[in-house]
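Close look at the chain arrangement
One-letter residues, chain by chain:
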Amino acid sequence: MNRATGLTLLLILLIATPAFAQDGFHRAQQSDFERASDKLVQLAEAMPADKYDWRPAEGIRSVSENFMHVAEVNFILGASLGAAPAKDASDLESITDKDKVVTELKRSIAYAQEAFEEAVGGDMDRELPFFGGKRSAWSIMLVINGHAHEHLGQAIAYARSNGVKPPWSR
């Protein structure tokens, strides 16, 4: 290889690296969201149906309300990424039946994952409307991911308070 070819390849590598790194970052966020969401579903399935109305104290979300809050936010923030609004995605916190909670939680996760896929295929730096302001698509993706982790922690505490060991820690 001559010097000109080597310099050309180096230049191409330097130009392409930030794009590959950025795509890798977004894919890592998707993967992290998928892991947290999978654990949320495992806990929703592991919690006994008779504990779905349990709450640690008055005025704090119950087990079912916690899972349904996650589902509602997945739908809201997925739409913030530009996905078509999901049908029947409002007032989920009123659902308390375990089977319906698990179904809606899974549906919301699939919706958010699809929104991620669509967003990653576009310009992740584009500014999108977000609760009266604007945020980049990648920033909204981070919010969704952080929210899933926040309520995963809450679900773990709820499970352990009710004698349920998280399935992945057995």
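Structure: above.
With that settled, the discussion passes to helix α3 (residues 98–120). Count 3.6 residues to each turn of an α-helix, and residues three or four apart come out pointing the same way. Helix length check: α3, at 23 residues, gives a terminal C-alpha distance of 33 Å against a target of 33 Å (1.5 Å per residue), a fit within 8%. Where α3 begins, the side chain of D97 points an oxygen toward the backbone nitrogen of D99, at a separation of 3.3 Å.

Negative phi is the rule for most residues except glycine; trans is the rule for most peptide bonds. One non-glycine residue, F131, lies in the positive phi region at around 45°. Summarising the element assignment, F131 is placed in the loop between β1 (127–130) and β2 (133–136). By relative accessible area, F131 is classed as exposed at 64%.

Here we take up the environment of V70. With respect to the helices, strands and loops of the structure, V70 is situated in helix α2 (residues 63–80). Between the C-alpha atom of V70 and that of A148, which follows or precedes it by 78 residues, the distance is 6.7 Å. Not counting residues up to four positions away in its chain, the partners in contact with V70 are L40, L105, H147 and H151.

Another aspect to go through is the side chain of S80. Here S80 lies in helix α2. We classify S80 as buried; its relative accessible area is 16%. Among all residues touching S80, those that are not within four sequence positions of it are L128, P129, F130 and I140.

Each value, and the rule that gives it
Residues numbered from 1 in each chain as written. Predicted model: local features only at pLDDT ≥ 70, side-chain atom pairs only at ≥ 80, totals over all residues. Heavy atoms only, no water. Helix = DSSP H or I, 4+ residues; strand = E, 2+ residues; numbered from the N terminus. Expected span 1.5 Å × (residues − 1). Polar contact = N/O pair within 3.5 Å; in protein donor to acceptor, adjacent residues only side chain to side chain. Buried < 20%, exposed > 50% of the residue type's maximum accessible area, 1.4 Å probe, protein only. Contact = heavy atoms within 4.5 Å.

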